[in-house]
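Residue-level structural notes
What follows is the residue order along each chain.
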Amino acid sequence: MLRYSFLTALFLIGLHAIAQKAITLEDIFLKNTFGESSVRGLNWMKDGQYYTAQENGYIIRYAVQSGQPLDTLFAAVDDFEFSGYSFSEDEKQILLMTDREPIYRRSFTAEYHVYDMASGSLRLLSHNGPQSYATFSPDGKKIAFVRENNLYVTDLESEEEKALTTDGEFNSIINGTTDWVYEEEFYVVKGFEWAPDSKKIAYYRFDETNVPTYNMQLWESETPYPLDYEFKYPKAGEANSRVSVFIRSLADPQPVRIDIPDDRDAYIPRIQWTRDPNLLSLIKMNRLQNELEIHHVDAQSGQSKVILKEKDARFIDLNFCDDLTYLKDGKHFIFSSERTGYKHFYLYRMDGTLVNPITSGPWEAVSLAGLDQSQKNMVLYYISTERSSMERHLYAIRLNGKNKALMTPEAGTYRVDMSPDCKYYMRYHSAADKPQNVSLYGTRKNNLIKVMKDNDHLIEKTREYGFVTKEFITIPAADGTPLNAYFLKPEGNGPFPLLVFQYSGPGSQQVSHAWGGGPNYSFHQMMVQKGFAVVVVDSRGTGGRGADFKKQTYKQLGALEAEDLIAAGRHMGAREDINAEAMGIWGWSYGGFMSIYALLEGSDVFAFAVSVAPVTDWRFYDTIYTERYMQRPQDNPEGYTNTSLITKAGSLEGRLLLIHGSGDDNVHIQNTYSLQDALIESGKQFRTFIYPDRNHGIGGGKIRLHVFEMISDFILEQK
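Residues numbered from 1 in each chain as written. Predicted model: local features only at pLDDT ≥ 70, side-chain atom pairs only at ≥ 80, totals over all residues. Heavy atoms only, no water.

So, the sheet that holds strand β20 (residues 267–273)
Remark on secondary structure: sheet strands pair via backbone hydrogen bonds, oriented parallel or antiparallel. Note the threshold: Two strands pair if DSSP finds at least two bridges between them. Helix and strand assignments come from DSSP, with helices taken as H or I runs of at least 4 residues and strands as E runs of at least 2, each series counted from the N terminus. A fitted line through C-alpha atoms represents every axis, and for helices the fit uses only the stretch in contact; the resulting angles, taken between N-to-C directions, go from 0 to 180 degrees.
The strand order β20-β21-β22-β23 describes an open sheet built from 4 strands, whose pairing is antiparallel. The strands lining the two open edges of the sheet, one partner per strand, are β20 and β23 (304–311). For this sheet, the mean inter-axis angle between neighbouring strands, taken without regard to orientation, is 20°. One ladder, built from 7 bridges, connects strand β22 (residues 291–298) with β23; its direction is antiparallel. If you follow E291 over to β23, its bridge partner there is K311.

Details of the side chain of S281
Basically, it comes down to this: Two N or O atoms form a polar contact when they lie within 3.5 Å of each other; inside protein one atom must be a possible hydrogen donor and the other a possible acceptor, and for residues adjacent in sequence the pair counts only when both atoms belong to side chains. Any two residues whose heavy atoms approach within 4.5 Å at even a single point are treated as in contact.
Within the secondary structure, S281 sits in strand β21 (residues 279–285). Looking at S281, its side chain comes within polar contact range of the side chain of Y326, at 2.7 Å. Residues contacting S281, with those up to four places away along its chain left out, are R270, I271, Q272, T274, I294, H295, H296, L324 and Y326.

Digging into the environment of K235
Relative to the elements of secondary structure, K235 occurs in the loop between β17 (227–232) and β18 (242–249). The sequence separation of K235 and V181 amounts to 54 residues, and the corresponding C-alpha distance is 9.4 Å. Every residue in contact with K235, bar those within four places of it in the chain, is listed here: Y214, R619, F620, Y621, D622, T623, H668 and Q670.

A word on the packing of aromatic side chains
To describe a pair of aromatic rings, one takes the distance between the centres and the angle between the planes. Filter applied, for reference: Pairing of aromatic side chains requires ring centres within 6.5 Å, counting the rings of Phe and Tyr and the six-membered ring of Trp. Pairs whose planes differ by under 30 degrees are stacked, by over 60 edge-to-face, and all others tilted. Geometrically, a lysine NZ or arginine CZ counts as sitting over a ring once it is within 6 Å of the ring centre and also within 35 degrees of the ring normal.
For the structure on display, the rule yields 52 aromatic pairs. With a centroid separation of 5.2 Å and 15° between ring planes, the pair formed by F333 and Y348 is classed as stacked. Taken together, the residues span a long stretch of sequence, with F333 in strand β25 (residues 332–337) and Y348 in strand β26 (residues 344–349) at a distance of 15 residues. Taken together, the ring pairs connect F315, Y503, Y554, Y590, F593, Y597, W618, Y621, Y625 and Y629 into an aromatic cluster. Taking the ring centre of Y50 as reference, the NZ or CZ of R61 above it sits at 4.5 Å. The ring centre of Y441 lies 3.8 Å from the NZ or CZ of R427, which sits over that ring.

Section: the pattern of salt bridges
Stated formally: Salt bridge, as used here: a side-chain nitrogen of Lys or Arg that lies within 4 Å of a carboxyl oxygen of Asp or Glu. Working definition: with a 1.4 Å probe on protein chains only, accessible area under 20% of the residue-type maximum means buried, over 50% means exposed, and in between means partly exposed.
Taken as a whole and judged by the stated rule, the model has 35 salt bridges. Notably, a salt bridge pairs K21 with E464, separated by 2.7 Å at the nearest N-O pair. With a gap of 443 residues between them, K21 in the loop between α1 (2–17) and α2 (25–29) and E464 in helix α4 (residues 457–464) connect regions that are remote in the sequence. The exposure class of K21 is partly exposed, given its relative accessible area of 40%. Accessibility expressed as a relative area gives 27% for E464, which makes it partly exposed.

As for the pairing of strand β34 (residues 434–442)
With 7 of 9 residues buried, β34 lies mostly within the body of the structure. The hairpin formed by strand β33 (residues 424–431) and β34 contains 2 residues between the paired strands. Where β34 and strand β35 (residues 447–453) come together, 5 bridges link them in antiparallel fashion. Looking at β35, one finds that Y441 is bridged to L448. Where β34 folds back on β35, the antiparallel hairpin that results is connected by 4 residues, among which N446 adopts a positive phi of roughly 50°.

Re the side chain of E561
The cut-off we apply is this: Two residue types count as positive, namely Lys and Arg, and two as negative, namely Asp and Glu; His and chain ends fall outside the count.
Looking at the secondary structure, you find E561 in helix α7 (residues 559–573). Buried and unpaired, E561 has no salt bridge, with R540 as the nearest side chain of opposite charge at 7.6 Å. Apart from the residues within four sequence positions on either side, E561 is in contact with S504, S539, R540, T553, Q556, Y590 and M594.

Looking at helix α11 (residues 670–681)
To keep things clear, this is the line we draw: Working rule for helices: expected span equals 1.5 Å times residues minus one. Each direction from the helix axis to a C-beta atom contributes to the arc, which is the arc of those directions.
Along its 12 residues, α11 runs 16 Å from first to last C-alpha, staying within 8% of the 16 Å computed at 1.5 Å per residue. All of the buried residues along α11 are N671, T672, L675, Q676, A678 and L679. In a view along the axis of α11, the buried residues occupy a sector of 165°, so they form one face of it. Turned more than 90 degrees from where α11 packs its buried face, I680 and E681 sit exposed. Looking at the packing, one finds that the buried side of α11 touches α8 (590–601), β42 (655–661) and β43 (687–691).

Notes on the pairing of strand β15 (residues 200–207)
Put simply, side chains in a regular strand alternate between the two faces of the sheet. Counted residue by residue, β15 has 6 buried out of 8 residues, so it is predominantly covered. Here strand β13 (residues 173–175) pairs with β15 via 3 bridges, running antiparallel. In the sheet register, I174 faces β15, and the bridge partner there is F206. As paired strands, strand β14 (residues 192–194) and β15 are joined by 3 bridges and run antiparallel to one another. Within β15, the residue paired with W194 across the bridge is I201. Counting the residues in the hairpin turn of β14 and β15 gives 5 residues, including S198, whose phi is positive at 65°. Sheet topology note: the β15/β18 ladder contains 8 bridges and is antiparallel. Directly across from F206, in β18, lies its bridge partner V243.

Interpretation in functional terms is not warranted from these geometric data alone.
This is the structure:
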């Protein structure tokens, strides 16, 4: 009877499909049929009257008021191709990046060229090998960069290249950049900062000597044998790099080591100069990341002083580190905290004394968009969830917490790129039924200057292909907490097989009042066209709803999320339009972990799961991410054991597809191999596909198409 109902539903959908085009994986991954146009590569210029954009080998300058192009600042000739650029402080020179080669997710090497706009000369920054993270000094006379784990400075007038460090060595000592785990989990690779007076550089030094080595075999070898690639990767509970910070005066060959209390397990996720060229600021966190200190450091002596401390019973969110902002008056700074249960901004004096909260309320001040310091009563611009946890809006507020104003009244999700002087901003807005609109606005009057990209063609395009609009619903969690979700349903009465998609990681969010846009959304629309209903759900532990909601999964990653996903499956399965016997779940990375978890714990709900690049035991993942949410294995052994998929392998009843890249430097293929072994020992059948040498994203060329062909074929087999 259920089989007949499903075929009937497919027949009805087939009738409807006569009037619509079929969505194909080629549309999604090769043709970019449903891709949104945007404004990228935008650089605001200092005076606020102009901005520049990189367009087909040109750097074009635009007038902000008219939005019209004025002139070409750089035009590539011959075969010169550049992938990025930056200006010197006086905007008379341009640093152009070519031949960018990735290392890991954010790290890379490249060749840099310096273009002088007055003379029209273009020259290579260095003839001694590729560089990384090249950066002008504030006075525009020098450029600092990293090569092979050492920090260099080039004098642009004399063209002299000088090594500031010489002990850098792969898998041993790193200067001026960061190790693997800082790059991946603290999002930092440029590990040096010019002082405002251009006379000094502060930089990181990592000693990786005691960090265990991970061995990854690479199969694309010209020899009959694979290549062994070994790199330092600290797994949960293992030794981290010893991290120190130095300040090097260009006039003194002897660097000053910053004096902070010796703590081999401490993290220093951020360094930055204050407005004072002799005062460095750094953020220090303990290994469990539930204590944070802001230090102010005397650049001459290296002596540091703790001026602010934050503690949390569970963990402190990393994104606070990017909110630390020093005011031009040299007397105040802004920082954020979840001390009230919601993230908000606070104003402090330089000695760490609290002046006042800037924002407050039962909602999150998500990010700082701009700070207008040109007025006597300075204005903070920020993105907030005040309207809805599923929306993001721009607000303005005085630093005294008064005169708050909503600047984006229309429903949906906004992000902004504000000019340094805060006179203008680029507004990126979308809603569930509206693709991204990119518009240029004047800030003070909040007036529209020009629509840059409207993507209106996508409304007709998606109608032509039969896209269905998100239906926002709430689903009760296992404990009754309402969870945000959206539903995509085929035409007809069903019952339809159901596909659940989620990511579920701490602080993440998949359910938003925004245009779908991305490949996953288009893939889900294709599955709807093929007769599947799709529900996307944010379990407990996800973001946008305050600290308690986000942090309740602490020390038990996966447990509550699995309960919620199973509860969501049961809730949806009770609907008349859903076939409760044909229900599956899929996800990537943390979502892959949760797909398997839900299948193992909810065999009475989920018939199948697709898991791509999953963690299967938190003992296999890195220190910074894992210990932030789970503590160390030696601190929380039960938490690690209870959430290990390997220990649960014997409970597999449904059908499982496992996909992983053998070159995944992030979530090692060890995770999949270990689960495979446990499933085999338990006598369980499953499918696996390994992509040779592919990383965590399993992308490039037609690879992503191949991945989704496999996923869609497997899902369609389950109907």
